[in-house]
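Listed below, chain by chain, are the residues.
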Amino acid sequence: MAPMSSIESKPADDTEPLDIAQNQQRRILLEVAVRSIATGLERGMPLELDPADYPEPLQTIRATFVTLEIDGALRGCIGVLDACRPLVEDVAHHAFAAAFQDPRFPRLHPDEFPRLTIKLSILTPPEPLEFASQSDLLDRIRPGVDGLILTDQGRRGTFLPSVWEQLPDPASFLEHLKRKAGLPFGYWSDTLRVSRYATESFGGSFSDIDARIQAQAPS
């Protein structure tokens, strides 16, 4: 996963170098995530926004995942594999969902909000992999780079590239993904399908992001 950025926000300027504009866009997305969670705590709904108010790259239709952590432990993770919304709107939607709708966790409590670390993953379109056997598939997987989508028998599971941090061995990565999709360890079938995708991943702590939001608030 890419190093976390320090957070600040202002609209991208077309005259700025690409890396500066990209960093600003990342900061905007992190601020949107924080604002959406705050709106959820206050009003029980995600942040409402108009994508047209944001830099053009944030208006493109992209698929995202939002991951929340507290003290390094997972606190919620929600996203989609198929792009269906403008990027900035998708982040707002999934930040709210990760905080309040992940079935593995209770709804985020206000006392937890300041302790959050927020990580965003922006997915590239999935690319089907061609393979003749499990060993062939393992040879084609790029550890540390590929997110995988596995489907068979009407079941589907995915691991983001960040999961390689916990499962660095390709064979173990694949077997755990089978289990996530509801298939047994050691399962193999000629109908099994696997696609891969990459992610642009970045994040920041609530305290850093909120400090920038407060700095922009009217005095």
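Now for a quick tour of the structure. Residue positions are given per chain, counting from 1 as you read along its sequence in written order. Where totals are concerned, whole chains, interfaces and linings use all residues; where local detail is concerned, this predicted model gives features only for residues with pLDDT of at least 70, and gives and counts side-chain atom pairs only at 80 or more. Only hydrogens and water are removed before side-chain values are computed, so all heavy atoms of the structure are retained for them.

### Some remarks on the environment of T158
Then comes step 1: The residue T158 is located in strand β7 (residues 155–159) in this model.
Then comes step 2: Residue T158 is classed as buried on the basis of its relative accessible area, which comes to 9%.
Then comes step 3: Spatially, the C-alpha atoms of T158 and V80 are 9.9 Å apart, while their sequence positions differ by 78 residues.
Then comes step 4: Whether two residues are in contact is decided by their heavy atoms, any of which lying within 4.5 Å being enough. Residues contacting T158, with those up to four places away along its chain left out, are F65, L81, L148, I149, L177, K180 and Y197.
Then comes step 5: Within the structure, T158 has its side chain in polar contact with the backbone oxygen of L148 (distance 2.7 Å). The way it works is that DSSP assigns letters per residue, a run of H or I at least four long becomes a helix, a run of E at least two long becomes a strand, and they are numbered from the N terminus. A 1.4 Å probe rolled over the protein chains alone gives each residue an accessible area, and that area as a share of the maximum for its type sets the label: buried under 20%, exposed over 50%, partly exposed in between. For this analysis, a polar contact is any N or O atom pair within 3.5 Å, provided that within protein one partner can donate a hydrogen and the other can accept it, and provided that sequence-adjacent residues contribute only side-chain to side-chain pairs.

### Here's the deal with the packing of aromatic side chains
Then comes step 1: Two rings from Phe, Tyr or Trp (for Trp, the six-membered ring) form a pair when their centres sit within 6.5 Å of each other. Planes less than 30 degrees apart are called stacked, planes more than 60 degrees apart edge-to-face, and all others tilted. Following the criterion strictly, the structure yields 5 aromatic pairs and no others.
Then comes step 2: Aromatic side chains F159 and F173 sit 5.3 Å apart centroid to centroid with 70 degrees between the ring planes, which places their arrangement in the edge-to-face category. Of this pair, F159 sits in strand β7 while F173 sits in helix α4 (residues 170–180), and the two are 14 residues apart along the sequence.
Then comes step 3: For F159, a relative accessible area of 11% corresponds to the buried category.
Then comes step 4: Linked through ring pairs, F159, W164 and F173 together constitute an aromatic cluster.

### Side note on the pattern of salt bridges
Then comes step 1: Each reported salt bridge corresponds to a side-chain nitrogen of Lys or Arg within 4 Å of a carboxyl oxygen of Asp or Glu. Counted according to the given criterion, the structure contains 13 salt bridges.
Then comes step 2: For E69, the salt bridge identified is with K119, shortest N-O distance 3.1 Å. With a gap of 50 residues between them, E69 in strand β1 (residues 61–70) and K119 in strand β4 (residues 116–123) connect regions that are remote in the sequence.
Then comes step 3: For E69, a relative accessible area of 16% corresponds to the buried category.
Then comes step 4: Relative accessible area serves as the criterion here: at 15%, K119 is assigned to the buried category.

### Looking at the pairing of strand β6 (residues 147–152)
Then comes step 1: β6 sits mainly inside the fold: 5 of its 6 residues count as buried.
Then comes step 2: Bridging between β6 and strand β8 (residues 193–197) involves 5 bridges; their strand directions are antiparallel. Within β8, the position partnered with L148 by the bridge is R196.
Then comes step 3: When β6 meets β7, the two strands line up antiparallel, connected through 5 bridges. Note that in β7 the partner of T151 across the bridge is R156.
Then comes step 4: Being paired, for any two strands, means DSSP has found at least two bridges between them. Hairpin connection from β6 to β7: 2 residues lie between these consecutive antiparallel strands, with Q153 at a positive phi of about 55 degrees.

### Comments concerning the environment of T117
Then comes step 1: Tracing the backbone shows T117 in strand β4.
Then comes step 2: Taking the C-alpha atoms as reference, T117 lies 17 Å from L160; in sequence the two are 43 residues apart.

### A few points about helix α5 (residues 206–216)
Then comes step 1: Among all positions of α5, only F206, I209 and I213 are buried. In an axial view of α5, the angular spread of the buried residues amounts to 75 degrees, which keeps them on one side of the axis. Here the arc refers to the directions that run from the helix axis out to each C-beta atom.

### Points about the side chain of K178
Then comes step 1: Position of K178 among the secondary structure elements: in helix α4.
Then comes step 2: Owing to a relative accessible area of 0%, K178 belongs among the buried residues under this scheme.
Then comes step 3: If we skip the residues at most four places from it in the chain, K178 touches Q134, L150, L183, P184, G186, Y187 and W188.

### Some details on α4
Given 3.6 residues per helical turn, the α-helix brings residues three or four places apart onto the same face.
Then comes step 1: Those residues of α4 that sit buried are F173, L174, E175, L177 and K178.
Then comes step 2: On its buried side, α4 packs onto α3 (134–140), β6 and β7.
Then comes step 3: Positive phi appears at G182, one or two residues downstream of α4, with a value of about 85 degrees.

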